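If you want the building blocks of each chain, they are given just below.
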Amino acid sequence: MDARTGVQFLTLLYKEGRVDGKDIEKAIEIAGSKSPSASFDAAGLYTRLMGKDQMTNLTFAKGTRWLAVIRRDEGEEAFKKAVEELRGGEK
């Protein structure tokens, strides 16, 4: 799996109604400021604190991590483009 495909974990959760727009914005905020590993941990903690189920926690953390991988490996412009696509993919 590549980073672009991995970000689709977030889109899937949104389309299924397991997260909302506020949660997607939180994933973007986390991925925009942390390393991939730290993003995974922070996103998992966020969803646990929000009372999400274990599968949602893991899926959200993975999607957020992949978004951070794009920022780290491809740069800010690629990250911004991925964010635009993610926001466009919301319901």
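**Digging into the pattern of salt bridges**
Applying the stated rule across the entire model yields seven salt bridges. Salt-bridge contacts for R4 lead to E74; the nearest nitrogen and oxygen are separated by 2.7 Å. Within this pair, whereas R4 is found in helix α1 (residues 3-15), its partner E74 is found in helix α4 (residues 54-74), the two being separated by 70 residues in sequence. For R4, a relative accessible area of 31% gives the class partly exposed. For R72, the salt bridge is made with D73, and the minimal N-O distance between the two is 2.6 Å. Assigned by exposure class, R72 and D73 land together as exposed.

**Looking at the nonpolar core**
One finds I24, I28, F60, L67 and L86 to be the most contacted residues of the largest nonpolar core, which totals 25 residues. Those elements giving two or more residues to this core turn out to be α1, α2 (21-31), α3 (36-49), α4 and α5 (76-88). Among the elements that line this core, the one with the most residues is α4, at seven residues. Excluding residues within four positions of it along the chain, I28 makes contact with L67, F79, V83, L86 and R87.

**A word on the environment of P36**
Within the fold, P36 resides in helix α3. When sequence neighbours within four positions are dropped, the list of residues in contact with P36 reads R65, A68, V69 and R72.

**Side note on α4**
In this model, α4 (21 residues) spans 30 Å end to end at C-alpha, consistent with the 30 Å of a helix rising 1.5 Å per residue. Here α4 starts with a cap whose side-chain oxygen sits 3.1 Å from the backbone nitrogen of M55, and that cap is D53. Following α4 by one or two positions, G75 adopts a phi angle in the positive range, close to 100°.

About the cut-offs
- Residues numbered from 1 in each chain as written.
- Predicted model: local features only at pLDDT ≥ 70, side-chain atom pairs only at ≥ 80, totals over all residues.
- Heavy atoms only, no water.
- Salt bridge = Lys/Arg side-chain N within 4 Å of Asp/Glu carboxyl O.
- Helix = DSSP H or I, 4+ residues; strand = E, 2+ residues; numbered from the N terminus.
- Buried < 20%, exposed > 50% of the residue type's maximum accessible area, 1.4 Å probe, protein only.
- Core = buried A, V, L, I, M, F, W, Y, C linked by side-chain atoms within 4.5 Å.
- Contact = heavy atoms within 4.5 Å.
- Expected span 1.5 Å × (residues − 1).
- Polar contact = N/O pair within 3.5 Å; in protein donor to acceptor, adjacent residues only side chain to side chain.

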